[in-house]
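The chain contents come next:
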Amino acid sequence: MTDMFQKIKDHEQVVFCNDESTGLKAIIAIHSTRLGPALGGCRMFPYNSVDEALEDVLRLSKGMTYKCAAADCDFGGGKAVIIGDPLKDKTPELFRAFGQFVESLNGRFYTGTDMGTSTEDFVHALKETNCIVGVDEVYGGSGDSSVPTAHGVIYGLQATNKALTGTDDLSGKSYAIQGLGKVGYKVAERLLEEGADLFVTDISRQAIDQLLSKAKEIGAGVKVLSGNEIYEAQADFFVPCAMGGIINDETIGLLKVKAIVGSANNQLKDMRHGQILKDKSILYAPDYIVNAGGLIQVADELYTPNKERVLRKTKAIYNSLLNIYEHAEANGITTVEASNQFCESRIEARTRRNSFFSHMKRPKWSVRT
Ligand SMILES: NC(=O)c1ccc[n+]([C@@H]2O[C@H](COP(=O)([O-])OP(=O)(O)OC[C@H]3O[C@@H](n4cnc5c(N)ncnc54)[C@H](O)[C@@H]3O)[C@@H](O)[C@H]2O)c1
Ligand SMILES: N[C@@H](Cc1ccccc1)C(=O)O
C-alpha cells in the first residue's frame, strides 16, 4: 500500500471530501499555515485518477505558500481540487457540499475560483461557509480574481520585455497564448489592443471564436494553432494560461520563444526544466510571481478591501520580477531557484507564534456576516 504520509510529508493536512448524495469528490490540501490561514483557489478537472488529483493539489498548494510569501501576504498555502468535468458535473448542491467541507476546517482554509470554476459556483458554497473569497461584490466579495491576475501577467510581460530588450513596450511583439479562459482571454484582449501579433490555442472552440470576433472588431490579426503546435510557434513570448506541467521533456525542445510568462500554475514539470530553459537562453518568469494578482486581491478582501492597494501590490510584480532576474544572473542560478530562495528566507524570517494556524477566523471577517 502507498505510504500516504510519505506522499504528503511536506504538507500539514490533506482532507478527502466524499459526498454520496451530490457526487462530490474533492481533496483539500493545506501545505503550510506558518504565515497565516491557508488561501488558495479550487480547481475542477476530470482527473483520470485520484492519484493524479492528489499530485495536482499537493503541488498547487505548495505553490500557494510560495505565492503568498512572494506577494507579501499574511496567508499560508492551500488548494482544493474537485474531481469532475466542469462542463457536465456542476450543480449548486455539489458546491454547497464542498462549502460544508471548507467550513469544517474552521477558518484554516479560504478558497475561491481557479481553473474550471467560476464566481457563480462559489455563491452556492457561500451559503455554507464564510471562508469563500472572490465572489461578486453584491455577495460581499472582491469580484473575479482573474481580472487582477491578467493585469499581473501584463506587468510580468512588460518586466520581462524590459529585461530582454530595455523597453517594456509590448507592441510589435508576438505572443503564443495557450488557453483563452478567464485569465488568458483578458491577456489576449489587452495584447491585441497594444498592437501585438498573437498565436492562440484552446480546446474550446467557443473560446477561440470569442477572441476571433474581438480581433475582427479591432482589425487585429490572430493565428489559431492546434494542440502542440503552440510550443513551436515562432513568437517572442510563450504565454501559458491553461494547465500546468507544460514545460516538460516532450515540449522543451520545441520552444522557439525568447521568454515564458504566463498565468498557469506549476508550468515546469520539474525543477530541472528551469535549468534546461536557462541553458537554452529562454528567460522564465516564475509562475507564482507572475500570477499573484488574483491572490493579492482575495487576500486584501479578507481585511478591509481597498482597490488602490490591490493595484499597487499587483504592479509590484514588475519590480519583483526584475529583482529575481538580476539575482539569478548575478548568482548563476535559474530564475526559479532565485525566487524560491527569496520566498524560503522570507517564510523563515516571518514565521511567528507557532507553525500551525488554529485561529477560528480572520479578525475583520465579521464585516461579511
Ligand atoms: N483565475 C485566476 O485568478 C488565476 C490566478 C492564478 C493562476 N491561475 C492559473 O491560470 C490558469 C488559467 O486559469 P483560468 O482561471 O483562466 O482558468 P479557466 O478554466 O477559466 O481557463 C482555462 C482555459 O484553458 C483551456 N484549456 C484547457 N486545457 C487546455 C489545453 N490542453 N490546451 C489549450 N487550452 C486548454 C480551457 O478550455 C479554458 O478556456 C490555471 O493554471 C490557473 O490555475 C488562475
Ligand atoms: N486561483 C488563483 C486565485 C485565488 C487565490 C486564492 C483563493 C482564491 C483564488 C490562484 O491560484 O492564485
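Everything quoted here is computed from the prediction, not taken from an experiment.

**Student:** I'm lost on the pattern of salt bridges in this one. Help?
**Tutor:** Applying the stated criterion to the full structure yields 22 salt bridges. Ionic pairing is found between Asp300 and Arg309, a salt bridge with its closest N-O pair at 2.5 Å.

**Student:** Looking at this model, I keep getting lost on unusual backbone geometry. Mind explaining?
**Tutor:** Leaving glycine out, the prevailing phi sign among residues is negative, and the prevailing peptide bond configuration is trans. A positive phi is found at Asp72, a non-glycine position, where the angle reads about 65 degrees. Locating Asp72 in the fold gives a position in the loop between α2 (50–70) and β5 (76–83). Although it is not a glycine, Asn106 adopts a positive phi angle of roughly 60 degrees. By relative accessible area, which is 34% here, Asn106 ends up partly exposed.

**Student:** Please clarify how the site of ligand 2 should be interpreted in this entry.
**Tutor:** If you check the shell around ligand 2, you find 13 residues, and the closest are Gly40, Lys67, Lys79, Thr113 and Asp114. Asp114 places a side-chain nitrogen or oxygen 2.8 Å from a nitrogen atom of ligand 2. For ligand 2, whose unbound accessible area comes to 320 Å², protein coverage reaches 95%. Split by residue class, the shell around ligand 2 holds four nonpolar, six polar and three charged.

**Student:** Just checking my understanding: could you explain the pairing of strand β10 (residues 237–240) for this structure?
**Tutor:** Note on strand geometry: in a regular strand, side chains alternate between the two faces of the sheet. Residues Phe237 and Val239 point to one face of β10 and Phe238 and Pro240 to the other, with burial holding for every one of them. With four bridges joining them, strand β7 (residues 174–178) and β10 adopt parallel strand pairing. Counted as the bridge partner of Gln178 is Pro240 from β10. Inspection of the sheet shows β10 paired to strand β11 (residues 259–260) by two bridges, in the parallel sense. Bridge pairing in β11 links Phe238 to Ile260.

Analysis parameters
- Residues numbered from 1 in each chain as written.
- Chains lettered and ligands numbered in written order.
- Predicted model: local features only at pLDDT ≥ 70, side-chain atom pairs only at ≥ 80, totals over all residues.
- Heavy atoms only, no water.
- Salt bridge = Lys/Arg side-chain N within 4 Å of Asp/Glu carboxyl O.
- Helix = DSSP H or I, 4+ residues; strand = E, 2+ residues; numbered from the N terminus.
- Buried < 20%, exposed > 50% of the residue type's maximum accessible area, 1.4 Å probe, protein only.
- Near = heavy atom within 4 Å.
- Polar contact = N/O pair within 3.5 Å; in protein donor to acceptor, adjacent residues only side chain to side chain.
- Areas by Shrake-Rupley, 256 points an atom, 1.4 Å probe, with all protein chains shown as cover.
- Nonpolar A, V, L, I, M, F, W, Y, C, P; charged D, E, K, R; others polar.
- Pairing = 2+ DSSP bridges.

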